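If you want the building blocks of each chain, they are given just below.
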Amino acid sequence: MKKLLKIVIIIAAVLLVIFLTVFILAKMKIVFINEWFVDKSNSTIGVDISSYQADVDMEKLKEQDIRFVYIKASEGSKLQDDRFASNRENALKAGLPSGAYHFFSFDSPGSTQAENFIKAVGDDIKGRLLPVVDVEYYGDKEKNPPEKEDVIRELTVFLNAVEDKYGVKPMIYTGAGIYEKYLSDLAPEYKFWISSLYTPLSWNYHGDWYIWQYLNRGRLEGCSGGEQYIDLNVLNKEKTLDELTVR
């Protein structure tokens, strides 16, 4: 009996060490464990792309069970993604549900950013997925974060302008940290797309969500000439793409 107990204790200790090692490596962003928690065979998987992926074969993505795609349209007040139009057209031809996203700048007025996004996207988004604003740190912003009141003011201007144009509230893409620091007060009004790349979303986020970006180092056939990796996302199983579609 004592021998059996000793074996059980040793096994438990080994398993604990393995778990702690994997957890630490995940927190250090050395290993990617999220794919263990996503059942691709029973989930709605999507990608988000920009000009960094260069040539994207939407038909090929669809053959690999990709069910939706978000395409970068614009950034800040001036930049427009030069592959947005072709990516959106190719997604339409492939019958792949698509939506447009804007990378939000903390250094530019929300009004001119909205103008830039709308100019890139055009007048009609019916049948498309909800427009998205991507709110994340860039450059030195994580070390020197902007003031909350400034972010909320300009982001609200952007959100209201896009809603006035298209008649729908945009979805917000962000990470758990920025959500808690800046966006939690907006939660009841907006749908959220949350990024958690190194640990399962439930480990660090407890709000409502529609899409989880679980990996930024996905590999799929159909992307050539640019970045070798592609972002992978999964739709919340309690939600549907129809809920994200503009009518």
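Residues numbered from 1 in each chain as written. Predicted model: local features only at pLDDT ≥ 70, side-chain atom pairs only at ≥ 80, totals over all residues. Heavy atoms only, no water.

J.: Kindly report on the nonpolar core, identifying the contributing residues and their values.
T.: Ranked by internal contacts, the top residues of the largest apolar core, which has 67 residues, are Tyr-70, Met-171, Ile-172, Leu-183, Ile-211 and Leu-244. Residues contacting Tyr-70, with those up to four places away along its chain left out, are Val-47, Asp-48, Ile-49, Gly-99, Ala-100, Tyr-101, Leu-129, Leu-130, Val-132, Met-171, Trp-193 and Ile-211. (Core = buried A, V, L, I, M, F, W, Y, C linked by side-chain atoms within 4.5 Å. Buried < 20%, exposed > 50% of the residue type's maximum accessible area, 1.4 Å probe, protein only. Contact = heavy atoms within 4.5 Å.)

J.: How would you sum up unusual backbone geometry? Please name residues and give values.
T.: Positive phi outside glycine occurs at Ala-54, with the angle close to 55°. Along the chain, the position of Ala-54 falls in the loop between β1 (45–49) and β2 (55–56). A relative accessible area of 8% means that Ala-54 is categorised as buried. One non-glycine residue, Asp-65, lies in positive phi territory at about 70°. (Helix = DSSP H or I, 4+ residues; strand = E, 2+ residues; numbered from the N terminus.)

J.: Explain the packing of helix α4 (residues 110–121) against helix α5 (residues 148–166) to me, using residue names and the numbers behind them.
T.: Think of two packed helices as two axes; the pair is described by the angle between the axes and how far apart they sit. Interhelical geometry of α4 versus α5 gives an angle of 35° and a closest axis separation of 8 Å. Handedness of the crossing formed by α4 with α5: right-handed. Packed against α4, whose contacting residues are Gly-110, Ser-111, Gln-113, Ala-114, Phe-117, Ile-118 and Val-121, the element α5 presents Glu-154, Val-157, Phe-158, Ala-161, Val-162, Lys-165 and Tyr-166 at the interface. Here the residues of the contact of α4 with α5 are counted per class, giving nine nonpolar, three polar and two charged. (Axes fitted to C-alpha atoms, helices over the stretch in contact; angles between N-to-C directions. Left-handed = near helix turned anticlockwise from the far one by under 90°. Nonpolar A, V, L, I, M, F, W, Y, C, P; charged D, E, K, R; others polar.)

J.: Tell me about the pairing of strand β8 (residues 192–195), and please be specific about residues and values.
T.: Two faces make up the sheet, and in a regular strand the side chains alternate between them. Along β8, one buried face is formed by Phe-192 and Ile-194 and the opposite face, lined by Trp-193 and Ser-195, is buried too. Alignment of strand β7 (residues 171–175) against β8, held across four bridges, turns out to be parallel. Bridging from a neighbouring strand, Gly-175 pairs with Ser-195 of β8. What joins β7 to β8 is helix α6 (residues 176–183), and the crossover it makes is right-handed. Relative to strand β9 (residues 211–218), β8 is paired through three bridges, and the arrangement is parallel. Bridge pairing in β9 places Ile-194 opposite Trp-212. (Pairing = 2+ DSSP bridges. Right-handed = clockwise from strand over helix to strand, strands pointing away.)

J.: How would you summarise empty space enclosed by the protein if you had to cite specific residues and measurements?
T.: Across all of its chains, the model carries one cavity of 30 Å³ or more by this definition. Its volume calculated, the largest cavity comes out at about 50 Å³. Lining the largest cavity we find Arg-88, Gly-99, Ala-100, Phe-117, Val-121, Ile-125, Arg-128, Leu-129 and Pro-131. Of all the secondary structure elements, the ones that give two or more residues to the lining of the largest cavity are β5 (98–103) and α4. (1 Å grid on protein atoms, 1.4 Å probe; cavity = no way out; pocket = protein on both sides within 12 Å on 5 of 7 lines; lining within 4 Å. Points joined across faces, edges and corners; volume = space filled by probe spheres on them.)

J.: An account of α5 is requested, with residue identities and associated values reported.
T.: Under the 1.5 Å per step criterion, the end-to-end length of α5 is 27 Å for 19 residues, consistent within 8% with the ideal 27 Å. Those residues of α5 that sit buried are Val-151, Glu-154, Leu-155, Phe-158, Leu-159, Val-162 and Tyr-166. Down the axis of α5, the smallest arc covering the buried residues is 140°, so these residues share one side. Exposed residues on α5 whose side chains face more than 90 degrees from its buried face are Glu-149 and Asp-164. Elements that come into contact with the buried residues of α5 comprise β5, α4, β6 (132–134), β7 and α6. At the exit of α5 stands Gly-167, carrying a positive phi of roughly 80°. (Expected span 1.5 Å × (residues − 1). Arc of directions from axis to C-beta.)

J.: I'd like a description of the packing of aromatic side chains, backed by residues and values.
T.: By the definition in use, this model includes 12 aromatic pairs. Seen in terms of ring centroids, Phe-104 and Phe-106 are 6.1 Å apart; in terms of plane orientation they differ by 80°. Their pairing is edge-to-face. The same class applies to Phe-104 and to Phe-106, which are both buried. Taken together, a centroid distance of 6.5 Å and an interplanar angle of 50° make the contact between Phe-106 and Tyr-137 tilted. One end of the pair, Phe-106, is in the loop between β5 and α4; the other, Tyr-137, is in the loop between β6 and α5, with 31 residues separating them in the sequence. An aromatic cluster is defined as three or more aromatic residues linked by ring pairs; in this entry it consists of Phe-103, Phe-104, Phe-106, Phe-117, Tyr-137, Tyr-138 and Phe-158. Cation over ring: Lys-181 sits above Tyr-182, and NZ or CZ is 5.6 Å from the ring centre. (Phe/Tyr/Trp six-rings, centres within 6.5 Å; stacked < 30°, edge-to-face > 60°. Lys NZ or Arg CZ within 6 Å of the ring centre and 35° of its normal.)

J.: Can you lay out the layout of surface pockets for me, pointing to particular residues and giving the numbers?
T.: Here the largest pocket is characterised by a volume of approximately 1200 Å³. Looking at the largest pocket, it is lined by 39 residues, and the ones nearest its centre are Glu-136, Tyr-173, Ser-195, Leu-197 and Gln-213. Here the residues of the lining of the largest pocket are counted per class, giving 16 nonpolar, 12 polar and 11 charged. In this structure, the second largest pocket spans a volume of roughly 240 Å³. Every residue lining the second largest pocket is counted, 14 residues in all, and those nearest its centre are Phe-37, Leu-201, Trp-209, Trp-212 and Val-234. Residue classes in the lining of the second largest pocket are distributed as nine nonpolar, three polar and two charged.

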